[in-house]
Amino acid sequence: MAKKQDDDKLAAALKAVEEMRPGIKVGLGTGSTVSYFIEALGKEGLDVPVVCSSRDSEQKATKAGLKIMELNKAISDSNRPMLDVYVDGADEIDPLYNMIKGGGGALTREKIVAAASLEFICIVDGSKIVKQLGKFPLPIEVLEFAEVYVTNELTELGGQVVKRKGFKTDEGNIILDVTGLDFSDPLQLETELNNIPGVVENGIFSVRNADKVIVGKNGKAEYI
Ligand code: 5RP
């Protein structure tokens with residue numbers, strides 16, 4: 001990855017760490033931007049239990065010395081049934097804070113942990129900001145059993161479908177990366193795709209979009 005893009009991801013991650021407070025419960029996304037956040041959060045030494053959206057993030061959080069909680073346990077207290085904040089990157093984000101996620105293939109657990117959080121802070125470098133979603137191929141997690149059926153349905157919708165080679169999600173499913181879909185109404189498309197039998201989840205985050213966006217630019221971070 002270009003050094004400049006790396007610097008921008010780091011800057012956004014460090015800014016998000018400033019929002020953390022002792023005792024809050026934090027959901028962790030997956031990917032290179034969140035990896036910077038995990039490392040920095042560990043160095044901060046705050047008492048913040050974390051819920052991880054992937055095995056990859058769990059390994060990184062363990063290495064950073066963070067206290068890991070399972071999602072079910074973290075939200076089982078009826079007086080406090082949500083995580084306080086979810087921090088994650090994105091592959092694309094639009095002006096309404098709708099996102100495409102899942103470049104790392106962790107979209108299903110990411111969406112669950114995001115939905116179980118009171119606030120979603122999205123941390124990105126400037127290349128992720130778009131006017132309209134849809135250039136980045138949309139990751140869709142699918143049961144392998146349904147691969148051909150779902151591919152046919154997506155093709156009917158105008159999609160060009162590429163199966164992600166040599167990849168299985170943490171849940172043991174395949175990912176189809178799809179271009180050519182109509183993103184004029186992301187919320188409607190998100191719902192429509194999830195109604196196809198065999199689709200586990202798709203990478204449009206519109207039902208649960210971001211609340212705050214921190215963008216790294218020229219090595220500095222700002223809220224947009
Ligand atoms: C993983 C994701 C990531 O948030 C997304 O792919 C961005 O990754 P990165 O921070 O490496 O650019 O959705 O499933």
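Reading the values: rules and limits
Residues numbered from 1 in each chain as written. Predicted model: local features only at pLDDT ≥ 70, side-chain atom pairs only at ≥ 80, totals over all residues. Heavy atoms only, no water. Domains from an automatic or database assignment. Contact = heavy atoms within 4.5 Å. Buried area = accessible area lost by both parts, 1.4 Å probe. Salt bridge = Lys/Arg side-chain N within 4 Å of Asp/Glu carboxyl O. Polar contact = N/O pair within 3.5 Å; in protein donor to acceptor, adjacent residues only side chain to side chain. Nonpolar A, V, L, I, M, F, W, Y, C, P; charged D, E, K, R; others polar. Helix = DSSP H or I, 4+ residues; strand = E, 2+ residues; numbered from the N terminus. Buried < 20%, exposed > 50% of the residue type's maximum accessible area, 1.4 Å probe, protein only. Arc of directions from axis to C-beta. Pairing = 2+ DSSP bridges. Near = heavy atom within 4 Å. Areas by Shrake-Rupley, 256 points an atom, 1.4 Å probe, with all protein chains shown as cover. Axes fitted to C-alpha atoms, helices over the stretch in contact; angles between N-to-C directions. Parallel < 35°, antiparallel > 145°, perpendicular 65-115°, else oblique. Left-handed = near helix turned anticlockwise from the far one by under 90°.

### A word on the domain arrangement of the protein chain
Then, in step 1: Here the domain parsing of the protein chain yields domain 1 (2-130 + 207-223) and domain 2 (138-202).
Then, in step 2: One C-alpha centre belongs to domain 1, the other to domain 2; they are set 24 Å apart.
Then, in step 3: At the interface, 15 residues of domain 1 touch 17 residues of domain 2.
Then, in step 4: Between domain 1 and domain 2, the buried area comes to about 1,300 Å², and carbon and sulfur atoms account for 52% of it.
Then, in step 5: Taken together, the links from domain 1 to domain 2 amount to four salt bridges.
Then, in step 6: Salt-bridge contacts for glutamate 201 lead to lysine 111; the nearest nitrogen and oxygen are separated by 2.7 Å.
Then, in step 7: Here domain 1 and domain 2 share nine residue pairs in polar contact (both at pLDDT 80 or more) between them.
Then, in step 8: Looking at side-chain class alone, the side of domain 1 that touches domain 2 contains three nonpolar, seven polar and five charged residues.

### As for the environment of isoleucine 112
Then, in step 1: As for its placement among the helices and strands, isoleucine 112 is situated in helix α5 (residues 107-115).
Then, in step 2: Between the alpha carbons of isoleucine 112 and glycine 219 there is a distance of 31 Å; along the sequence they are 107 residues apart.

### A short note on helix α7 (residues 186-194)
Working note: α-helix, 3.6 residues per turn, so residues spaced by three or four point in the same direction.
Then, in step 1: Looking at α7, one finds that the buried residues are Pro186, Leu189, Glu190 and Leu193. Projected down its long axis, α7 shows its buried positions confined to an angular sector of 105°, all on one face.
Then, in step 2: Where α7 is buried, its residues meet α5, β7 (138-142), α6 (147-156), β10 (199-202) and β11 (204-205).

### Structural notes on the pattern of salt bridges
Then, in step 1: Scanning all chains against the criterion turns up 21 salt bridges.
Then, in step 2: Across the pair glutamate 18 and lysine 15 runs a salt bridge, and its minimum N-O distance is 3.9 Å.
Then, in step 3: Owing to a relative accessible area of 24%, lysine 15 belongs among the partly exposed residues under this scheme.
Then, in step 4: Taking the shortest distance from any N to any O, the salt bridge between aspartate 125 and lysine 128 comes out at 3.9 Å.
Then, in step 5: The buried category is assigned to aspartate 125, whose relative accessible area is 3%.
Then, in step 6: Among the charged side chains, a network of salt bridges with common partners joins Glu144, Glu147, Lys163 and Lys168.

### Considerations on the pairing of strand β12 (residues 212-217)
Then, in step 1: Bridge analysis of strand β6 (residues 117-125) against β12 gives five bridges, and the strand direction is parallel. Bridging across to β12, valine 124 finds its partner in valine 215.
Then, in step 2: Both β12 and strand β13 (residues 220-223) contribute to a ladder of four bridges, which runs antiparallel. Note on β13: the bridge partner recorded for isoleucine 214 is tyrosine 223.
Then, in step 3: Hairpin connection of β12 to β13: two residues between the antiparallel strands, including asparagine 218 at a positive phi of 50°.

### A word on the site of the ligand
Then, in step 1: Neighbouring the ligand are 17 residues; Ser32, Thr33, Asp91, Gly102 and Lys128 lie closest to it.
Then, in step 2: Here glycine 102 contributes a backbone N or O atom positioned 2.7 Å from an oxygen atom of the ligand.
Then, in step 3: Glycine 104 is positioned such that a nitrogen or oxygen atom in its backbone is 3.3 Å from an oxygen atom of the ligand.
Then, in step 4: With the chains in place, 91% of the 380 Å² that the ligand exposes on its own is no longer accessible.
Then, in step 5: Its residues placed into classes, the shell around the ligand shows two nonpolar, nine polar and six charged.

### With respect to the packing of helix α1 (residues 3-17) against helix α2 (residues 32-44)
Then, in step 1: Where α1 meets α2, the closest approach of the two axes is 8 Å, and the angle between their N-to-C directions is 45°. It follows from the interaxial angle that α1 and α2 lie oblique. For the pair α1 and α2, the sense of crossing is right-handed. In this structure, α1 contributes Asp6, Lys9, Leu10, Ala13, Leu14, Ala16 and Val17 to the contact, and α2 contributes Ser32, Thr33, Tyr36, Phe37, Ala40, Leu41 and Glu44.
Then, in step 2: Taken together, the residues that form the contact of α1 with α2 break down as nine nonpolar, two polar and three charged.

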